[in-house]
Amino acid sequence: QVQLVESGGGLVQAGGSLRLSCAASGRTFSRYATMGWFRQAPGKEREFVAAITWVGITSYTDSVKGRFTISRDNAKNTLYLQMNSLKPEDTAVYYCARRVIYSGSYSDQNNYAGWGQGTQVTVSS
């Protein structure tokens, strides 16, 4: 079983930056071809943020393109999300997960499993 633990969240002013980490344990990280970041704002459904394949191909939701960067270090079993130029609307609990179903969309949360407990990101205006 793979366990995912997110960290790096916090309170930041608009325009600031945060770097989230997702540490995987239990099995070799690189065996999971695609990892993703999702977020859930208060009163809203969890939504896709970014994904990365094991060879580093990335995908982003439109609202974070040019501001967020997803990356991974397979040797360290860690997934990252660098978030720059943060906006109040980025406020949410951020989750990482591993993709387990490849027949559907990479942005569909139902195709992911192993969700961590999440890390809170709050952006003040």
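Notes on the structure in this doc start here.

Describing the pairing of strand 9 (residues 92–99)
Most of strand 9 sits out of view: 8 of its 8 residues are buried. The pairing of strand 4 (residues 34–40) with strand 9 spans 6 bridges and is antiparallel. The partner of Phe38 across the bridge, within strand 9, is Tyr95. The sheet contact formed by strand 9 and strand 11 (residues 119–124) spans 3 bridges and is antiparallel. The residue of strand 11 that forms the bridge with Val93 is Gln120. Across 2 bridges, strand 9 lies against strand 10 (residues 112–113) in antiparallel orientation. Residue Arg98 lies in a different strand from strand 10, and its bridge partner there is Ala113.

Brief notes about the side chain of Thr78
Tracing the sequence through the fold places Thr78 in strand 8 (residues 78–83). A relative accessible area of 10% means that Thr78 is categorised as buried. At 2.8 Å, the side chain of Thr78 and the backbone oxygen of Lys76 are in polar contact.

Brief notes about the pattern of salt bridges
In total, this model carries 4 salt bridges according to the counting rule given. A salt bridge links Arg39 to Asp90; the shortest N-O distance between them is 2.9 Å. Here Arg39, found in strand 4, pairs with Asp90, found in the loop between strand 8 and strand 9; they are 51 residues apart in sequence, far enough to count as distant. Owing to a relative accessible area of 5%, Arg39 belongs among the buried residues under this scheme. A relative accessible area of 1% places Asp90 in the buried class.

Topic: the packing of aromatic side chains
Under the defined criterion, the tally for this structure stands at 5 aromatic pairs. Ring geometry for Phe38 and Tyr112: centres 4.9 Å apart, planes at 70°, overall edge-to-face. Of this pair, Phe38 sits in strand 4 while Tyr112 sits in strand 10, placing them 74 residues apart in sequence. For Tyr112, a relative accessible area of 5% translates into the label buried. Note on Tyr95 and Trp115: the rings are 6.4 Å apart at their centroids and 85° apart in plane angle, and the pair reads as edge-to-face. Here Tyr95, found in strand 9, pairs with Trp115, found in the loop between strand 10 and strand 11; they are 20 residues apart in sequence, far enough to count as distant. For Tyr95, a relative accessible area of 14% corresponds to the buried category. An aromatic cluster of at least three residues, connected via ring pairs, comprises Phe38, Phe48, Tyr95, Tyr106, Tyr112 and Trp115. Sitting over the face of the ring of Tyr80, Arg19 holds its NZ or CZ atom 3.9 Å from the ring centroid.

Reading guide: rules and limits
Residues numbered from 1 in each chain as written. Predicted model: local features only at pLDDT ≥ 70, side-chain atom pairs only at ≥ 80, totals over all residues. Heavy atoms only, no water. Buried < 20%, exposed > 50% of the residue type's maximum accessible area, 1.4 Å probe, protein only. Helix = DSSP H or I, 4+ residues; strand = E, 2+ residues; numbered from the N terminus. Pairing = 2+ DSSP bridges. Polar contact = N/O pair within 3.5 Å; in protein donor to acceptor, adjacent residues only side chain to side chain. Salt bridge = Lys/Arg side-chain N within 4 Å of Asp/Glu carboxyl O. Phe/Tyr/Trp six-rings, centres within 6.5 Å; stacked < 30°, edge-to-face > 60°. Lys NZ or Arg CZ within 6 Å of the ring centre and 35° of its normal.

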